[in-house]
Each structure stands twice: as C-alpha cells, then as structure tokens.
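Next come the chains, spelled out residue by residue.
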Amino acid sequence: MTESLTVTEAPVKAAKPHLPDAQVVTAVKHWTDRLFSFRVTRPQSLRFRSGEFVMIGLMGDNGKPLLRAYSIASPNWDEELEFYSIKVPDGPLTSKLQHINVGDEIILRPKPVGTLVHDALLPGKRVWFLATGTGIAPFASLMRDPETYEKYDSVIMMHTCRTADELEYGRQLVEDLKNDELIGEMVEGKLHYYPTTTREDTAHMGRITDNLTSGKVFADLGLPPMNPAEDRAMVCGSLDFNIDVKAVLEGFGLREGANSEPKEYVVEKAFVGDGI
C-alpha cells in the first residue's frame, strides 16, 4: 500500500499592487511647510535634455492616474531624478504627494519635453535663468550641466521668493556647486546667483522684472544691460510672471524662441502652478 503524502502549501501573500510606470522614492526633504524636494529611481530607458519636464503623479481617489507636469531638477547625467514641489493642502495631487516617504512609488511617464533647453536658444555670451518659487527646478538641472558652462561666459540665476527660507533650496544647490567634483571648476567665476525676496527684508529685494528694468541687477553684478547680440534668457514661473518677464525681455530686444526656431529667450508654459 502506497503511503499518501499531504503537502501543505503556505498561503500566498498578496503582493502590493504596483502603480503604472512606477518609480521608487529614494529621498525626501521638506524645506518649509510649503516646499519639498524628492528623488526617485530613473527608468533605464529615460533620456532627457537638462531643463525638460515629465508627467508624474499618484493614483487619484477615482482609481485613475492623477498626473501633473514637473520639471526634472537633476541634470541629465544623474542616476536618479529629482523634483521640487510646492505643497497645496487641498491640491488634488500635492495634498497626497507631500506625504510620500522613501520606498513609496510614484507614477512617472518617461516622455520628457519642454522648451527650457539649450537647443532652443541661439548661441550667446550670457544666459539668464529667471524663476520664481519652484520655477527654479529646471534651472537646478541646467546649473548642474557642464554644457551650460561650455556654451556661456556668464550664467546668471535670478530667483525670487516671498521669504528667505523659500530660497534655501536654490541657495544650497548653488553653494554645493562650488565643491562639485564634476563642474566645480567650470562654475568658478561664471555662475552669478541673485536671489531676492518680496515680503521679507534680505540683502536683495524686489521682483525680477523691477530689478531688470531699473538696471539694479546689472549694477550689482557688474554686467552690461541685456542686448540681443549677447544675452539669452530662460523663464519659468507663474503665468502672470511669464507674461511680465516676456514684456521686459522684448523691451531689451530679445525675441521668443522654441525648439523648432531658436531665438534669444524661451518660456516654459507647462510649469506646475499653485492649483496642484
């Protein structure tokens, strides 16, 4: 008589469902009660130009992906992807995104696009990065890209926020660049950082538009006024900010360009605003 054996299998533990186009959060830093940055794994197939953006997000309450355009703050050579975000308490996405932790997943559609790229500008002598708030994100990428310093004699980062603590992300990034093994020497003498505030007294005050039109920034940095033969500019901020800066740049004789038709300045129209 053959002895029968009873095989008992351990119950299969249900795996946590993965998000579509999932990438894993590797780091999170909260800069203020309104601002945070985070890093995620990079898809092996993702190639992008510094300054471009991708669609990222989480699953919405309706079970469908809730996505928004976010500029990639890390340079194109980085092994991970960095993002810089505002927190909106009742924002459909950021009300959830601000609570992510290391090990969590986000959705990342690996199709980078955008106009804040070197290819969209004609060759020049100086490049101006003009940003408010989290609009500094694409320039965080471009400031860490060796190509930026190979193309221009001067790189001017103008960043305006309401208070000094909101400038900290950019200030720390610029400070770290001086000791960067890859481009520290390239940055020396070329990168001019001009942070200003509008609601708190600091060393430099005022809106970017006012500091440009008054000539204050040129005097402070020892640079000549903008001219279309030598100066190039990239703009990233709120819709109102973009419109105001465009008028100022065109007052200096600069023309708006695009990937298909490079000129003297470009504007990112897909920047994530306060309603997210």
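Before reading on, note that the structure itself is shown above.
None of the values given here were measured: they were computed from a predicted structure.

## A short note on the overall build of the protein chain
Part 1 of the reasoning: If you tally the helices and strands in the protein chain, you get 8 helices and 11 strands.
Part 2 of the reasoning: Based on the C-alpha atoms only, the size of the protein chain along its principal axes is roughly 100 × 35 × 35 Å.
Part 3 of the reasoning: In the protein chain, which comprises 276 residues, the share counted as buried stands at 50%.
Part 4 of the reasoning: In the structure as shown, the protein chain presents an accessible area of about 13700 Å², 51% of it carried by carbon and sulfur atoms.

## Describing the sheet that holds strand β10 (residues 231–236)
One key point about sheets: their strands pair by backbone hydrogen bonds, in either a parallel or an antiparallel sense.
Part 1 of the reasoning: One open sheet accounts for 5 strands, arranged β9-β8-β7-β10-β11; its pairing is parallel. Every other strand in the sheet has two partners, leaving β9 (191–197) and β11 (265–267) as the edge strands with one partner each. Sheet twist, expressed as the average angle between the axes of neighbouring strands with direction ignored, equals 10 degrees.
Part 2 of the reasoning: As judged from the 7 bridges shared by strand β8 (residues 154–161) and β9, these two strands associate in the parallel manner. Residue Ile-156 lies in a different strand from β9, and its bridge partner there is His-192.
Part 3 of the reasoning: Against the sheet, helix α8 (residues 239–251) touches β7 (126–132), β10 and β11, its axis set at about 170 degrees to β10.

## With respect to the pairing of strand β4 (residues 65–71)
Working note: regular strand, side chains alternate between the two faces of the sheet.
Part 1 of the reasoning: Most of β4 sits inside the fold, with 5 of its 7 residues counted as buried.
Part 2 of the reasoning: Of the pairings in the sheet, the one linking strand β3 (residues 53–59) to β4 comprises 7 bridges and is antiparallel in character. Each residue of the ladder has a partner; that of Gly-57, found in β4, is Leu-67.
Part 3 of the reasoning: The turn joining β3 and β4, which pair antiparallel and follow one another in sequence, is formed by 5 residues; a positive phi near 85 degrees is taken by Gly-63.

## With respect to the pairing of strand β2 (residues 35–41)
Part 1 of the reasoning: With 6 of 7 residues buried, β2 is to be regarded as a mostly interior element.
Part 2 of the reasoning: Sheet topology note: the strand β1 (residues 22–30)/β2 ladder contains 5 bridges and is antiparallel. Paired with His-30 across the strands is Phe-36, a residue of β2.
Part 3 of the reasoning: As consecutive antiparallel partners, β1 and β2 are separated by 4 residues.
Part 4 of the reasoning: Sheet analysis places β2 next to strand β5 (residues 80–86), joined by 7 bridges and oriented antiparallel. Paired with Leu-35 across the two strands is Ile-86, which belongs to β5.

## As for the packing of aromatic side chains
Part 1 of the reasoning: In total, this model carries 8 aromatic pairs according to the counting rule given.
Part 2 of the reasoning: Relative to Tyr-169, the ring of Trp-31 lies with its centre 5.4 Å away and its plane at 85 degrees, an arrangement referred to as edge-to-face. Of this pair, Trp-31 sits in the loop between β1 and β2 while Tyr-169 sits in helix α4 (residues 168–177), placing them 138 residues apart in sequence.
Part 3 of the reasoning: Centroid distance Tyr-84 to Tyr-169: 3.9 Å. Interplanar angle 10 degrees. Geometry classified as stacked. Taken together, the residues span a long stretch of sequence, with Tyr-84 in strand β5 and Tyr-169 in helix α4 at a distance of 85 residues.
Part 4 of the reasoning: Among the aromatic residues, those joined into a ring-pair cluster are Phe-36, Phe-38, Tyr-70 and Phe-83.
Part 5 of the reasoning: The lysine or arginine in question, Lys-29, covers the ring of Trp-31, its NZ or CZ lying 4.2 Å from the ring centre.

## Concerning unusual backbone geometry
Peptide bonds are mostly trans, and most non-glycine residues show a negative phi.
Part 1 of the reasoning: Not every positive phi belongs to a glycine, and Asp-21 is a case in point at roughly 50 degrees.
Part 2 of the reasoning: Among the secondary structure elements, Asp-21 is positioned in the segment before β1.

## Considering the environment of Lys-125
Part 1 of the reasoning: Position of Lys-125 among the secondary structure elements: in the loop between β6 (105–113) and β7.
Part 2 of the reasoning: For Lys-125 and Asp-231, which are 106 residues apart along the polypeptide, the C-alpha to C-alpha distance reads 6.0 Å.
Part 3 of the reasoning: Apart from residues no more than four positions distant in its own chain, Lys-125 is found in contact with Tyr-152, Asp-153, Ser-154 and Glu-230.

## Thoughts on the environment of Gly-60
Part 1 of the reasoning: Mapped onto the fold, Gly-60 is located in the loop between β3 and β4.
Part 2 of the reasoning: Overall, the relative accessible area of 16% leaves Gly-60 in the buried class.

## Digging into the nonpolar core
Part 1 of the reasoning: Counting 56 residues, the largest nonpolar core has Phe-38, Phe-83, Leu-97, Phe-129, Phe-139 and Met-143 as the members making the most contacts within it.
Part 2 of the reasoning: Once you skip the residues sitting within four places of it in the chain, Phe-129 turns out to touch Phe-139, Leu-142, Met-143, Thr-148, Val-155, Ile-156, Met-157, Met-158 and Met-234.

The rules we used
- Residues numbered from 1 in each chain as written.
- Predicted model: local features only at pLDDT ≥ 70, side-chain atom pairs only at ≥ 80, totals over all residues.
- Heavy atoms only, no water.
- Helix = DSSP H or I, 4+ residues; strand = E, 2+ residues; numbered from the N terminus.
- Buried < 20%, exposed > 50% of the residue type's maximum accessible area, 1.4 Å probe, protein only.
- Areas by Shrake-Rupley, 256 points an atom, 1.4 Å probe, with all protein chains shown as cover.
- Pairing = 2+ DSSP bridges.
- Axes fitted to C-alpha atoms, helices over the stretch in contact; angles between N-to-C directions.
- Contact = heavy atoms within 4.5 Å.
- Phe/Tyr/Trp six-rings, centres within 6.5 Å; stacked < 30°, edge-to-face > 60°.
- Lys NZ or Arg CZ within 6 Å of the ring centre and 35° of its normal.
- Core = buried A, V, L, I, M, F, W, Y, C linked by side-chain atoms within 4.5 Å.

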